[in-house]
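Next come the chains, spelled out residue by residue.
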Amino acid sequence: MIHGRWKLPILFRLYADPSMRTLQLKRDLPGISQKMLTQHLRELADDGLVDRVDFCEKPLRVQYQLSEMGRQLLPVLIAARRFSTRHPA
């Protein structure tokens, strides 16, 4: 569910800001291409970690937020991150 270079940064960014649009995520994650951001957001949504909120407006307005399962996963990821910084390879 969380493999890939950009999934963890996306999850941590959505944890910091509860609801974000795609363009805002792209600005906050320097180096990510639009294609990779879209692909990873779709995969995270398919896995149930992120909710995609479509406002059914023209022009298209979509926001992403952590799902309940995504919020439950974050403390585990934060603990793993702390562990990895205390015990470098």
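So, here is what we can say about the structure in this document. On a predicted model such as this, the values are computed, not experimentally measured, just so you know.

## Focus: unusual backbone geometry
Logical step 1: Here the amide bond leading from Lys58 into Pro59 is cis, since omega sits at -5°, within 30 degrees of zero.
Logical step 2: Relative to the helices and strands, Pro59 is located in the loop between strand E2 (50-54) and strand E3 (62-66).
Logical step 3: Of note in the backbone geometry, Cys56 takes a positive phi value of approximately 50° without being a glycine.
Logical step 4: Along the chain, Cys56 falls in the loop between E2 and E3.

## Overview of the packing of helix H1 (residues 7-16) against helix H3 (residues 34-46)
Logical step 1: Contact geometry of H1 with H3 gives a least axis separation of 10 Å together with a crossing angle of 70°. It follows that H1 is roughly perpendicular to H3 by the angle criterion. Taking contact as the criterion, the partners of Lys7, Ile10 and Leu11 in H1 are, on H3, Leu37, His40, Leu41, Glu43 and Leu44.
Logical step 2: When grouped by side-chain class, the residues that make up the contact of H1 with H3 number five nonpolar, one polar and two charged.

## Examining the nonpolar core
Logical step 1: Counting residues in each nonpolar core, the largest one holds 19 residues, and the members touching the most others are Ile10, Leu11 and Leu14.
Logical step 2: Going through the elements one at a time, H1, H3, E3 and helix H4 (68-86) are the ones with two or more residues in this core.
Logical step 3: The element that contributes the greatest number of residues to this core is H1, accounting for four residues.
Logical step 4: Those residues in contact with Leu14 that lie beyond four places of it in its chain are Met20, Leu25, Val50, Tyr64, Gln65 and Leu66.

## Overview of the pattern of salt bridges
Logical step 1: This structure, assessed with the given rule, holds five salt bridges.
Logical step 2: For Glu43, the salt bridge goes to Lys7, with nearest N and O atoms at 2.8 Å. Of the two residues, Glu43 is situated in helix H3 and Lys7 in helix H1; the sequence distance between them amounts to 36 residues.
Logical step 3: With relative accessibility at 26%, the residue Glu43 sits in the partly exposed group.
Logical step 4: Among the salt bridges present, the one from Arg13 reaches Asp28, with a minimum N-O distance of 2.8 Å. One end of the pair, Arg13, is in helix H1; the other, Asp28, is in helix H2 (residues 22-28), with 15 residues separating them in the sequence.
Logical step 5: On the accessibility criterion, Asp28 (33% relative accessible area) is partly exposed.

## With respect to H4
Logical step 1: With 19 residues, H4 should cover 27 Å at 1.5 Å per step; its first-to-last C-alpha distance of 29 Å lies within 8% of that length.
Logical step 2: Along H4, the helix axis deviates most sharply at Leu74, where the bend reaches about 30°; the proline Pro75 sits within four residues downstream.
Logical step 3: Of all the residues in H4, the buried ones are Gly70, Leu74 and Leu77.
Logical step 4: Turning to H4, the residues buried within the fold contact H1 and E3.

Calculation notes
- Residues numbered from 1 in each chain as written.
- Predicted model: local features only at pLDDT ≥ 70, side-chain atom pairs only at ≥ 80, totals over all residues.
- Heavy atoms only, no water.
- Helix = DSSP H or I, 4+ residues; strand = E, 2+ residues; numbered from the N terminus.
- Axes fitted to C-alpha atoms, helices over the stretch in contact; angles between N-to-C directions.
- Parallel < 35°, antiparallel > 145°, perpendicular 65-115°, else oblique.
- Contact = heavy atoms within 4.5 Å.
- Nonpolar A, V, L, I, M, F, W, Y, C, P; charged D, E, K, R; others polar.
- Core = buried A, V, L, I, M, F, W, Y, C linked by side-chain atoms within 4.5 Å.
- Buried < 20%, exposed > 50% of the residue type's maximum accessible area, 1.4 Å probe, protein only.
- Salt bridge = Lys/Arg side-chain N within 4 Å of Asp/Glu carboxyl O.
- Expected span 1.5 Å × (residues − 1).
- Bend = angle between axes of the 7 residues up to and from the residue.

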